[in-house]
Amino acid sequence: MSNGRYADPPALEAVALGKRYRRGWALRDCSFRLPAGRICGLVGPNGAGKTTLLGIATNVLRPTEGTLSVFGVDPGSAEAGLRTAFLAQEKPLFRRFTVAENLRLGRELNAGWDQGAAEAIVRAGNVPLDAKVGTLSGGQRTRVAFALAFGKRPDLMLLDEPMSDLDPVVRHELMGTLMAEAAERGTTVLMSTHVLAELENVCDYLVAVTEGGLRLAGDVDELLYAHTRVTGARDGEGLPAGLEHHTVIEFRTSGRQFIALIRPEGPVVGPWDTDSPSMEELLLAYLRSSGAPPLITPTAEVRTGTRAVAA
Ligand SMILES: Nc1ncnc2c1ncn2[C@@H]1O[C@H](COP(=O)(O)OP(=O)(O)OP(=O)(O)O)[C@@H](O)[C@H]1O
C-alpha cells in the first residue's frame, strides 16, 4: 500500500497537535510530517511527550487540540487501525495464554495476518510456542510482542522503546529483522528510544521533543547538513568572537578547547576546525539545550492549506 512516493499522504502528519493532562501540557503545538517509507527515530528526555505522541497516533489518546493523521486519515478510523501496529512500552500480552494462543489471537484479529513471519520471529529466539507468556523472561516477552506486531504486516510500525529489556545480541537481531521488513515492504517505522547510538545507520528521519515541544524534525541528511561542529582553542570563558553571527545550539569548553554546534548563517570564518556533527552529537546538543531554536526541515514541514484529517 504505502511505498514512500511523494504524492502519497504522509504516514503521519501533526498539525498544531497538543495534549493536556491534569498536570499540564504533555505535548504542545507540534506540527510535522513523516513521509511514508521512512525509518524515524523519536527521541527526547523522560517525560518529553514521546509516549503521548505514539498514544495519539494509535488512538489510545485523543488530542486536546490540533490533529494527527495517519496516511491521511484519523487514527481512530478502521483504515488507520488496519495499517498500523504498535509495540507499547509495557508489551501488553495475554500472560495466562501460551505463545501460540497469543499468535492465534493475532491471526483472528488481523485480516492480513502472516503466521509464518510471526512464528519465525518466535522460533529464532527458541521461545517455546506452548509456554505460557507469564512464564517468559522480559526479553522473551518482547520477542513475542515483536512477532505479534510483525505478523500484522503493518504499513506503519510504531515502537515505544522496544529494545529496552533486550540483551545486546537479541537487540541487534531484532533491529536487523525490523530493518529487513521495512526495506522489503516499504514499512514506515517510528521508534522511540533513549539509546541514541542505536539510531545511527538505522534512521533516515528524526523527530526530537523536549518538554512537550518539537525541537527537530526531518530528514537526517538535511538536519546534519544544516549544522556545523566547530572546535578550537579556548580564549576566555565566552563564545569566541565571530561565532555570535551564527545560531549557536550549544557551546561547551573542555580544558583549553571549546566545542560548539552551530547552524551557520554564512561562512564560518575563524581559527577553528569545522566538521559535520554525528547524529548522536546533533541530538545530544538539542536535548541538552532546551532554549535552542527548533529546526523543521522542508521535508517535515506541514504545508499550509493541507487538510490534516480526512475522517
Ligand atoms: N495519564 C497521564 N496523566 C497525567 N499525566 C501524564 C499521563 N501520561 C503522561 N503524563 C505526563 O505527560 C508528560 C509526558 O509523558 P510521556 O509519557 O508522553 O513522556 P515520554 O517522553 O514518553 O517519557 P519516557 O521517556 O519517560 O517514557 C509527563 O510529564 C508525564 O508525567
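It should be emphasised that the depicted structure is a prediction, and the values quoted were computed from it without experimental measurement.

Calculation notes
- Residues numbered from 1 in each chain as written.
- Predicted model: local features only at pLDDT ≥ 70, side-chain atom pairs only at ≥ 80, totals over all residues.
- Pairing = 2+ DSSP bridges.
- Helix = DSSP H or I, 4+ residues; strand = E, 2+ residues; numbered from the N terminus.
- Axes fitted to C-alpha atoms, helices over the stretch in contact; angles between N-to-C directions.
- Contact = placed C-beta atoms within 7 Å.
- Near = placed C-beta within 6 Å.
- Nonpolar A, V, L, I, M, F, W, Y, C, P; charged D, E, K, R; others polar.
- Core = buried A, V, L, I, M, F, W, Y, C linked by C-beta atoms within 7 Å.
- Buried ≥ 20, exposed ≤ 12 C-beta atoms within 10 Å, placed from the backbone.
- Domains from an automatic or database assignment.
- Parallel < 35°, antiparallel > 145°, perpendicular 65-115°, else oblique.
- Left-handed = near helix turned anticlockwise from the far one by under 90°.

Read from one edge of the open sheet, three strands run 2-1-4, paired in antiparallel fashion. The outermost strands of the open sheet, each flanked by one partner alone, are strand 2 (24-34) and strand 4 (65-70). On average, each strand axis in the sheet is tilted by 25° relative to the strand beside it, whichever way the strands run. Across seven bridges, the pairing between strand 1 (residues 12-21) and strand 2 is antiparallel. When the sheet's bridge partners are listed, leucine 17 is paired in strand 2 with cysteine 30. Seen against the sheet, helix 1 (residues 50-57) touches strand 1, strand 2 and strand 4 and runs at an angle of roughly 115° to strand 1.

On to the site of the ligand, then. For the ligand, the full set of nearby residues is Tyr21, Arg22, Arg23, Ala26, Gly44, Asn46, Gly47, Ala48, Gly49, Lys50, Thr51 and Thr52. Ranked by the residues each element gives to the shell around the ligand, the list is headed by helix 1, at three residues. A per-class count over the shell around the ligand returns three nonpolar, six polar and three charged.

For the rest of this paragraph, the subject is the environment of alanine 217. By the secondary structure assignment, alanine 217 is in strand 9 (residues 213-219). Measuring from C-alpha to C-alpha, the distance between alanine 217 and leucine 103 comes to 35 Å, with 114 residues separating the pair along the chain. Leaving out residues up to four positions away in the same chain, alanine 217 has contacts with Phe32, Val207, Ile296, Thr297 and Ala300.

In terms of nonpolar packing, the biggest core is built from 79 residues, with Phe32, Cys40, Ala147, Leu206 and Ala208 touching the most fellow members. The greatest single-element share of this core, amounting to seven residues, is contributed by helix 5 (residues 138-151). Of the residues that make up this core, three or more belong to each of domain 1 (12-221 + 295-300) and domain 2 (228-275). Not counting the four nearest positions on each side in its chain, cysteine 40 is found in contact with Leu34, Val189, Leu190, Cys203, Tyr205, Leu206 and Val207.

Looking now at helix 8 (residues 279-288). Listed in full, the buried residues belonging to helix 8 are Met279, Leu282, Leu283, Ala285, Tyr286 and Leu287. Its buried side turned inward, helix 8 meets strand 3 (39-43), strand 8 (205-210), strand 9, helix 7 (220-225), strand 11 (247-254) and strand 12 (257-263).

Where helix 3 (residues 99-109) meets helix 5, the axes come as close as 10 Å, and the angle between the chain directions of the two elements is 25°. Classified by the interaxial angle, the pair formed by helix 3 and helix 5 is roughly parallel. The element helix 3 and its partner helix 5 pack so that their crossing is right-handed. Here helix 3 contributes Val99, Asn102, Leu103 and Gly106 to the contact with helix 5, which in turn contributes Val144, Ala147, Leu148 and Gly151. When its residues are assigned to classes, the contact of helix 3 with helix 5 shows five nonpolar, three polar and no charged.

What follows is about the packing of helix 4 (residues 115-124) against helix 5. Two numbers describe how helix 4 lies on helix 5: the axes approach to 8 Å, and their chain directions differ by 165°. By the angle class used here, helix 4 and helix 5 are roughly antiparallel. Like other packed secondary-structure pairs, helix 4 and helix 5 cross with a definite hand, here right-handed. Contacts between helix 4 and helix 5 involve Gln115, Ala117, Ala118, Ile121 and Val122 on the former and, on the latter, Arg143, Val144, Phe146, Ala147, Leu148, Phe150 and Gly151. Class assignment of the residues belonging to the contact of helix 4 with helix 5 gives a composition of nine nonpolar, two polar and one charged.

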